[in-house]
Amino acid sequence: MASMPPSPLIRKRLAILGSTGSVGSQTLAVVEALTRAGHAFSVVALAAGKNLELLAAQAQRFQPKLIAIERAKDLSKLRRLVGTFWSGEIVVGEEGLIAAATHPDADLIVNALVGALGLIPTLEALKAKKIVALANKESLVIGGHLVHGVQSKRSLIPIDSEHSALFQLMHSLHPSEIERIILTASGGPFRTRPLDSFAQITVAEALQHPTWQMGKRITIDSATLVNKAFEVIEAHWLFDLPYEKISVLIHPQSVVHGLVELTDGSILAHLSTTDMKLPIQYALTYPERVPSSVARLDLVKQKLEFAPVGRERYPAFWLVCEAGQRGGTFPAVANAADEVFVQRFLKNEIPFVGIARGIERVLAEHEGVPTPALEEILEADRWARQRASEFPPNSLS
Ligand code: MG
């Protein structure tokens, strides 16, 4: 076989928001790997919350010009930790996140923040004409229409594995060729558990995810499939597709990450091993594709199964999808209520089935705002959190 031409040298200047979290640290590991491969990636800004030790180590290693931290009271501790190894600018709070997201020297903003606080930096980065590599799902789940209003073509690159797969598949397609897209879901640990034993599900059982290693909330959201419903909402905004053209299939092996069914009946699929470094690297190098050290998929060992998402087994999935379709402030309410009920389940306050029941109750009480401004979204989020924390446990079992 003829040898491949050398990959083009890629030059990019990054701001990484949420740099000490799982996606943030993996992004920096990918930056190091790409640098070793001869590409020219620099980190001009880092933003992180409370993990000051890791942040200081990252500052020493990557020498950003700016660091954003959550709390003013951590300023002196961070200065002490970086000592003489780093002497850039530190900005605090929301102002810091915006400064990092709009830094004049950055061309690609990796938003790996967790939670609703990720929305404003996404909006500000897009307004400043930056490219945003998006791992913060709340940006699209709660603020989809606001992001949609300021994004331009290809200014948002998904990092979530399913959306990255679909983004890669749809890259060369014309919208008129697409019949529907299909996101896959592992189905979580309760895919085959008898329905009559759902009342006895324990926290430890719910935290056993079959294929991905993740944080606690997203692991529970994967067991209820609420995470997949959020991904449906994200896909709606990201790919500008009506909800009728987005479906979900349970695929226990997590080998196929996304499928696109075309109008002639052809189906395109994206397959890979489950490693977040792959979608992260693609987002960093896009529109180029370069070699990676990600484990190769052994097709001979694969068995591919697909099944529909049952309403009885996954009621919260359907509730959150419906909230997405209703739009306005409903997705923000679903997201906030889910977060509170997941926390209450993790504290053993409510049963596993109480998560869906609680989301249903809070959504039923909500009077939606059709095209909310940012403040109305944040207000709906606050209201839903308050309401979700008030339901007595016995009303949810
Ligand atoms: Mg995902």
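Residues numbered from 1 in each chain as written. Predicted model: local features only at pLDDT ≥ 70, side-chain atom pairs only at ≥ 80, totals over all residues. Heavy atoms only, no water.

Asks: What exactly am I supposed to notice about the overall build of the protein here?
Replies: Counting its regular elements, the protein contains 16 helices and eleven strands. The globule rule puts the C-alpha radius of gyration for 397 residues at 21 Å, and the 21 Å found for the protein is close to it. Here the C-alpha coordinates of the protein stretch approximately 60 × 60 × 40 Å along the principal axes. Out of the 397 residues in the protein, the part that is buried amounts to 54%. Intrachain contacts of the protein at a sequence separation of at least 6 include 67% that bridge at least 24 residues. (Helix = DSSP H or I, 4+ residues; strand = E, 2+ residues; numbered from the N terminus. Rg over C-alpha atoms; globule rule 2.2 N^0.38 Å. Buried < 20%, exposed > 50% of the residue type's maximum accessible area, 1.4 Å probe, protein only. Contact = heavy atoms within 4.5 Å.)

Asks: I would appreciate a short explanation of the pattern of salt bridges in the present structure.
Replies: A side chain of one charge can pair with a side chain of the opposite charge when the charged atoms of the two come close. Considering all chains together, one arrives at 27 salt bridges under this definition. Between Arg-217 and Glu-138 there is a salt bridge whose closest N-O contact spans 3.9 Å. Highlighted residues: Arg-217 in helix H10 (residues 216–224) and Glu-138 in helix H6 (residues 138–141), separated in sequence by 79 residues. On the accessibility criterion, Arg-217 (17% relative accessible area) is buried. Judged by relative accessible area, which is 6%, Glu-138 ranks as buried. (Salt bridge = Lys/Arg side-chain N within 4 Å of Asp/Glu carboxyl O.)

Asks: Just to check I follow, could you spell out a nonpolar patch on the surface for this structure?
Replies: A contiguous nonpolar surface patch, about 360 Å² in accessible area, is contributed by Leu-271, Leu-299, Leu-304 and Phe-306. The topology assignment puts Leu-304 in the loop between helix H12 (277–285) and helix H13 (315–326). What makes Leu-304 partly exposed here is its relative accessible area of 41%. (Patch = residues over 30% accessible without salt bridge, like charges linked within 9 Å, V, L, I, M, F, W, Y side chains within 5 Å. Areas by Shrake-Rupley, 256 points an atom, 1.4 Å probe, with all protein chains shown as cover.)

Asks: How do you make sense of the coordination of the magnesium ion when you look at a structure like this?
Replies: Each pair of donors in an ideal octahedron of six around a metal sits at 90 or 180 degrees, and each pair in an ideal tetrahedron of four sits at 109.5 degrees. All of the protein donors around the magnesium ion are Asp-160 (OD), Glu-162 (OE) and Glu-231 (OE); their distances to the metal are 2.1 to 2.2 Å. Look at where the donors of the magnesium ion fall in the sequence and you get D-x1-E-x68-E. The burial state of Asp-160 is the same as that of Glu-162; both residues are buried. (Donors = N, O, S within 2.8 Å, 3.2 Å for Na, K, Ca; no water.)

Asks: What am I meant to see in the domain arrangement of the protein here?
Replies: According to the domain assignment, the protein consists of domain 1 (11–158) and domain 2 (175–274 + 309–396). The straight-line distance from the C-alpha centre of domain 1 to that of domain 2 is 26 Å. Every contact between the two is made by 16 residues of domain 1 and, on the other side, 18 residues of domain 2. Together, the buried faces of domain 1 and domain 2 total about 1,600 Å²; carbon and sulfur atoms form 71% of this surface. Our enumeration of links across domain 1 and domain 2 arrives at two salt bridges. The salt bridge involving Glu-234 is made with Lys-137; its shortest N-O contact spans 3.8 Å. Summed over the shared surface of domain 1 and domain 2, the result is two residue pairs in polar contact (both at pLDDT 80 or more). (Domains from an automatic or database assignment. Buried area = accessible area lost by both parts, 1.4 Å probe. Polar contact = N/O pair within 3.5 Å; in protein donor to acceptor, adjacent residues only side chain to side chain.)

Asks: What exactly am I supposed to notice about the nonpolar core here?
Replies: For soluble globular proteins, nonpolar side chains are generally found buried alongside one another. Within the largest apolar cluster, 126 residues are counted, with the highest numbers of intra-cluster contacts made by Ile-181, Leu-284 and Phe-341. Shared between two domains, this core holds at least three residues of each, these being domain 1 (11–158) and domain 2 (175–274 + 309–396). (Core = buried A, V, L, I, M, F, W, Y, C linked by side-chain atoms within 4.5 Å.)

Asks: When you look at the environment of Arg-61 in this model, what are you seeing that I'm missing?
Replies: You can see Arg-61 is positioned in helix H2 (residues 52–62). Of the residues examined, Arg-61 reaches a relative accessible area of 45% and is grouped as partly exposed. Linking Arg-61 and Phe-190, residues 129 residues apart in sequence, is a C-alpha distance of 42 Å. A polar side-chain atom of Arg-61 sits 2.4 Å from a polar atom in the side chain of Glu-32.

Asks: How do you make sense of helix H1 (residues 22–36) when you look at a structure like this?
Replies: Within an α-helix, residues lying three or four positions from one another point in the same direction, as the helix has 3.6 residues per turn. With 15 residues, H1 extends 21 Å from end C-alpha to end C-alpha; this agrees with the ideal 21 Å at 1.5 Å per step. Listed in full, the buried residues belonging to H1 are Val-23, Gly-24, Gln-26, Thr-27, Leu-28, Val-30, Val-31 and Leu-34. Of the surrounding secondary structure, the elements contacted by the buried residues of H1 are strand S1 (11–17), strand S2 (40–48), H2, strand S5 (108–111) and H12. In the stretch just after H1, Gly-38 is the one whose phi turns positive, near 100°. (Expected span 1.5 Å × (residues − 1).)

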